[in-house]
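A closer look at the structure
Chain by chain, the residues:
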Amino acid sequence: MIPYLEETYDVVIVGAGHAGCEAALASARLGMETIMFTVSVDSIALMPCNPNIGGSSKGHLVRELDALGGEMGKNIDKTFIQSKMLNESKGPAVHSLRAQADKQDYSRHMRRTLENTDHLTIRQAEVSEILAEDGKIRGVKTFSGAVYYAKAVILCTGTYLKARCIYGDVSNPTGPNGLQAANHLTDSLRKHGIEMFRFKTGTPARVDKKSIDFSKMEEQFGDPRVVPFSFSTNPDEIQKDQVSCWLTYTNENTHRIIKDNLDRSPLFSGAIEGTGPRYCPSIEDKVVKFPDKNRHQVFVEPEGLYTNEMYLGGMSSSLPEDVQYAMYRTVPGLEKVKIVRNAYAIEYDCINALQLKPTLEFKKISGLFAGGQFNGSSGYEEAAVQGFMAGVNAVMKIRGQEAVVLDRSQAYIGVLIDDLVTKENHEPYRMMTSRAEYRLLLRQDNADIRLRKIGHEIGLVSDEEYEHLLKKMDDIQSEIKRLEKTVIGVSDRVQMFLGKYGSTLLKSGITLAELVKRPELDYVKLAKLDEGRPELPDDVTEQVNIEIKYEGYIKRQMQQVAQFKKLEDKKLPEDFDYSEVNSLRREAVQKLNKVQPATIGQASRISGVSPADISVLLVHFTRKQ
C-alpha cells in the first residue's frame, strides 16, 4: 500500500478568500488547531474584482463583523487609500461606509495576520474530496492523496470550483485572475448528496492610468474626516492624504457598439450556463434591460498606490477583446485607453444554501460547514461574515456549546444568512438595506452596541474592547439625560439662533432634547446654545443625536421586533415530516420538508408557505406541547 501523508486537526478550512480568512482566524483564535487550504498562497484575501470594501449595506456587514471580533474592518483601516460615508443626505439607517483599498496591501496585511496567528497552519494544496461516514465529517483529502482528519470542515471555495473565465470565444478553465481552478471537489460533494448550482459573476477591464484623460471626468474625493470601519481603530491615527477616484459615463455610441455585437457575447449566445447577479449586471445586460437609459455611470478607481492599473466600475463585460476596446474608447476620458487585463465573466459551482442550517452547517453531514460565495452569495463582505459565523459555529459544535445564530432583528448578518438558508436563491445573493425589515435599529453606527457583547461572550472581543464599549454606552445615556433636563429659556440670542435655521421661535422654555428633535436642528448645531456641554468623542455624540431625534420611530420598531421574537422563539423539531400535520397545503408540506425550518418565524418566510399554513403549524405544535 502506498503511504500517504496523514495529519489531524480540529478544523479544516477549504479556501483562503474573505470567507476562509475569517473562518480560519475565528477558529484558531478560539484555540482550535486549524489548517487552511488554498490553491495558491498568493491568493490569500485576494480582491479579484472591485478594489473596495463596504458600500451600501455592505458597510453594515463589515462593522457588524468587527463588533463580533472579525478582521476585515481592522484590515481595511490599515490599507485604505480613500474613504467615504455614502448616503449622508438620507437618514442614518442607510448611511454606509465605503473605502477604496490598495489591493496588494490588503492581501499582504491579511496574510501577515494569518501567518502570525497561533494554532493556524496555511497549506497550498487542492482539496479534492471530503471524507464523511454515517452522516458525519471525518476530514478531507487533497489531490496529492494526503489525508487531513478533522472534527469540523468549513468549505469556503469562492468562485474556484470548476471555474471557467470567458470573454467572447475565449474560455479558460481557470479561477479568477488566471489562478488555478479547483476541478475535483464538486464530484465528491455530489457523491455525498449535496445539490450544486452553477452561478456566474463578472469583472470589468483593468486599464493603464497613463492612457486616461482625467480632464474629461468628474473627480471624486474622500471624506475630509475619515470614519474607521473598526470600533477598535483610533480615528485620529488613520487620517491621511487620500487618492481620488473619477466618474464618467457611457453614451449612445457605447450602447450602439454593444448592441451591434450582442451575438458575440457569450452571455446572450448561450455559451455561459451560469446565472448572474441581478444587482451587479454586466454593461451588455444593462444596455439590453434598460433600453431607455442613454448613459450609465463608470467609476474609474485606482487598484493601489504602487500600480497604474485602474478599475472601470460599472462596465463588467464578457464581450470579445476587440469589442471591449471599441466600447471603452467611446467613453469620455477613455478615448485612447490601453487595457491591462481584459474584462471577463467567470462561471463556478456553488451549493443550494437551503441544504444548510442557520448555523451554516449542512443538514445531511454533521460537522461540515460552508461560507461565502460557495453558498450562492456575492461580494467580499457577504463572504467574510458567513466565513466568520461558520468558523465560530464549527468551534461551538466541537466544544458541545450552543451555536451562535443572529436573527433578523439583531444584525444584517442575520438577515443575510436567514435569506440564504430559507429562501430559494436562483442567482448570486447580494445584501441590500431594503432586505432588512428593522433597518432603523440595524444601523452601521450602532453595530458595536448591538453585537459587541456577543463577540465578548464568544471570546473574540477582548475585555479592554468590551470595557471601552460599556463606557461609551454610559456616556451616551448620561448625555441624553443631561439634554432632557437642560432647559433653554426665551432670549434674543436664542430667537436669533432659531431664526437662522428657519426653526419655530420659542414662546416658553424648552429642553435641549426637544430642540434636537426638530428636523432643521441637531446636536452639533445646538452647541452654541449649550454652555455646559462636555467634550465627547464623535461616535458618542452621533448616537446621542440619533437616539433623541428618532426616538419615536425606534420605539415603534422595537415593538415590531417584540412581535417578531414571539415567532422566532417558537422552535420546530429537527427532521420532522410535515405531511403528519393535517390541513397543511401540499406546497407547504413540500417546502417545509425541504427547508426544515428551525423556528415558526423561519417557516413563515419560506416562499410557498402562507399565513394560513403558519396558523395550522401553531395549532398543531401547541396541541402537541
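What you see is a predicted model; the values in this text were computed from it and never measured.

Conventions we followed
Residues numbered from 1 in each chain as written. Predicted model: local features only at pLDDT ≥ 70, side-chain atom pairs only at ≥ 80, totals over all residues. Heavy atoms only, no water. Helix = DSSP H or I, 4+ residues; strand = E, 2+ residues; numbered from the N terminus. Buried < 20%, exposed > 50% of the residue type's maximum accessible area, 1.4 Å probe, protein only. Contact = heavy atoms within 4.5 Å. Areas by Shrake-Rupley, 256 points an atom, 1.4 Å probe, with all protein chains shown as cover. Lys, Arg positive; Asp, Glu negative; His and termini not counted. Charge placed at Lys NZ, Arg CZ, Asp CG, Glu CD. Pairing = 2+ DSSP bridges. Axes fitted to C-alpha atoms, helices over the stretch in contact; angles between N-to-C directions. Salt bridge = Lys/Arg side-chain N within 4 Å of Asp/Glu carboxyl O. Domains from an automatic or database assignment. Polar contact = N/O pair within 3.5 Å; in protein donor to acceptor, adjacent residues only side chain to side chain. Phe/Tyr/Trp six-rings, centres within 6.5 Å; stacked < 30°, edge-to-face > 60°. Lys NZ or Arg CZ within 6 Å of the ring centre and 35° of its normal. Expected span 1.5 Å × (residues − 1). Arc of directions from axis to C-beta. 1 Å grid on protein atoms, 1.4 Å probe; cavity = no way out; pocket = protein on both sides within 12 Å on 5 of 7 lines; lining within 4 Å. Points joined across faces, edges and corners; volume = space filled by probe spheres on them. Nonpolar A, V, L, I, M, F, W, Y, C, P; charged D, E, K, R; others polar. Parallel < 35°, antiparallel > 145°, perpendicular 65-115°, else oblique. Left-handed = near helix turned anticlockwise from the far one by under 90°.

**Details of the overall build of the protein chain**
A tally of regular secondary structure across the protein chain gives 20 helices and 24 strands. With the C-alpha coordinates aligned to their principal axes, the bounding extent of the protein chain is approximately 95 × 70 × 50 Å. Counting over 625 residues, the protein chain shows a buried share of 58%. Partitioning the intrachain contacts of the protein chain with sequence separation of at least 6 by distance along the chain shows that 72% fall at a separation of at least 24. A total accessible area of about 27,100 Å² is found for the protein chain, and carbon and sulfur atoms account for 49% of it. A gap of 3 Å separates the mean positions of the 82 positive and 86 negative side-chain charges of the protein chain.

**Let's talk about the sheet that holds strand β8 (residues 127–133)**
Remark on secondary structure: sheet strands pair via backbone hydrogen bonds, oriented parallel or antiparallel. Read from one edge of the open sheet, 4 strands run β1-β10-β9-β8, paired in mixed fashion. At either margin of the open sheet sits one strand with a lone partner, and together these are β1 (6–8) and β8. Going across the sheet, the axis of each strand differs from the next one's by a mean of 25°, ignoring polarity.

**A closer look at the pattern of salt bridges**
Within the structure shown, the criterion is met by 50 salt bridges. A salt bridge links R264 to D322; its shortest N-O distance comes to 2.9 Å. Note that R264 is positioned in the loop between α6 (252–260) and α7 (266–269) and D322 in helix α9 (residues 321–328), a separation of 58 residues in sequence. For R264, a relative accessible area of 33% gives the class partly exposed.

**Examining the domain arrangement of the protein chain**
In terms of domain boundaries, the protein chain breaks down into domain 1 (4–451), domain 2 (461–564) and domain 3 (569–622). Using only C-alpha atoms to locate each centre, domain 2 and domain 3 end up separated by 45 Å.

**Side note on the side chain of E568**
Structurally, E568 is set in helix α17 (residues 551–568). Given a relative accessible area of 11%, E568 falls into the buried group. At 2.8 Å, the side chain of E568 and the side chain of R605 are in polar contact. With residues near it in sequence (within four places) discarded, E568 still touches T599, G601, Q602 and R605.

**Focus on the packing of aromatic side chains**
For the structure shown, the criterion picks out 9 aromatic pairs. Just above the ring of F231 sits the side chain of R63; from NZ or CZ to the centre is 4.3 Å. Across from the ring centre of Y429, 4.3 Å away, lies the NZ or CZ of R435, which sits over that ring.

**A closer look at α17**
For α17, with 18 residues, the first-to-last C-alpha span of 25 Å sits near the 26 Å given by 1.5 Å per residue. Among the residues making up α17, those that are buried are I554, Q557, V561, F564 and E568. The buried residues of α17 occupy an angular sector of 75° when the element is viewed end-on, so they sit on one face. Those residues of α17 that are exposed and angled more than 90 degrees off the buried face are Q559 and K566. The elements touched by buried residues of α17 are α16 (538–549) and α19 (600–604).

**Regarding empty space enclosed by the protein**
Take a probe with the size of a water molecule and roll it over the atoms, and the empty space left behind shows itself. Under the definition given, this model contains 2 cavities of 30 Å³ or more. In this structure, the largest cavity encloses a volume near 50 Å³. Around the largest cavity, the lining comprises 13 residues; the ones closest to its centre are F197, I351, A353, N375 and N425. Residue composition of the lining of the largest cavity, grouped by class: 6 nonpolar, 4 polar and 3 charged. Each pocket or cavity is described by its volume, and for the second largest cavity that value is around 30 Å³. As for the second largest cavity, its lining consists of I76, D77, F80, S83, A99, V226, V227, P228, F229 and I238. Looking at the lining of the second largest cavity, the elements with two or more residues in it are α3 (72–79) and β5 (80–86). A class-by-class count of the residues in the lining of the second largest cavity yields 8 nonpolar, 1 polar and 1 charged.

**Considerations on the sheet that holds strand β7 (residues 120–124)**
One open sheet accounts for 5 strands, arranged β7-β3-β2-β11-β22; its pairing is parallel. Of all the strands in the sheet, the pair left with one neighbour each is β7 and β22 (368–370). Strand-to-strand twist of the sheet, defined as the mean angle between neighbouring strand axes without regard to direction, takes the value 20°. In terms of strand pairing, strand β3 (residues 34–38) meets β7 through 5 bridges, oriented parallel. Bridging across to β7, F37 finds its partner in R123.

**Structural notes on the pairing of β8**
Of the pairings in the sheet, the one linking β8 to strand β9 (residues 136–142) comprises 6 bridges and is antiparallel in character. Counted as the bridge partner of V127 is T142 from β9. Between β8 and β9, which pair antiparallel in sequence order, lie 2 residues; one of them, D134, sits at a positive phi of approximately 55°.

**Some words on the packing of helix α2 (residues 58–68) against helix α11 (residues 412–422)**
How two helices sit against one another is set out by the angle between their axes and by the gap between those axes. Where α2 contacts α11, the axes come no closer than 9 Å and their chain directions differ by 110°. In terms of their interaxial angle, α2 and α11 are classed as roughly perpendicular. Of α11, the residues touching α2 (which contributes H60, L61, E64, L65 and L68) are Y412, I413 and L416. Taken together, the residues of the contact of α2 with α11 sort by class into 6 nonpolar, 1 polar and 1 charged.

**Details of the packing of α3 against helix α4 (residues 103–115)**
Contact pair α3 / α4: the axes reach a minimum separation of 9 Å and the direction vectors enclose 130°. Put simply, α3 runs oblique to α4. Our pair here, α3 against α4, has a crossing hand that is right-handed. Of the residues in α4, those in contact with M72, N75, I76, K78 and T79 of α3 are D105, Y106, H109, M110 and T113. For the contact of α3 with α4, the residue count by class is 4 nonpolar, 4 polar and 2 charged.

**A short note on the pairing of strand β12 (residues 164–167)**
Because side chains alternate across β12, one face comprises the buried residues R164 and I166, and the other comprises C165 and Y167, equally buried. Both β12 and strand β21 (residues 344–351) contribute to a ladder of 3 bridges, which runs antiparallel. Pairing of I166 across the sheet is with A345, part of β21. The pairing of β12 with strand β13 (residues 170–172) spans 3 bridges and is antiparallel. Looking across to β13, one finds that I166 is bridged to S171. Linking β12 to β13, which pair antiparallel, is a turn of 2 residues; within it G168 sits at a positive phi near 60°.

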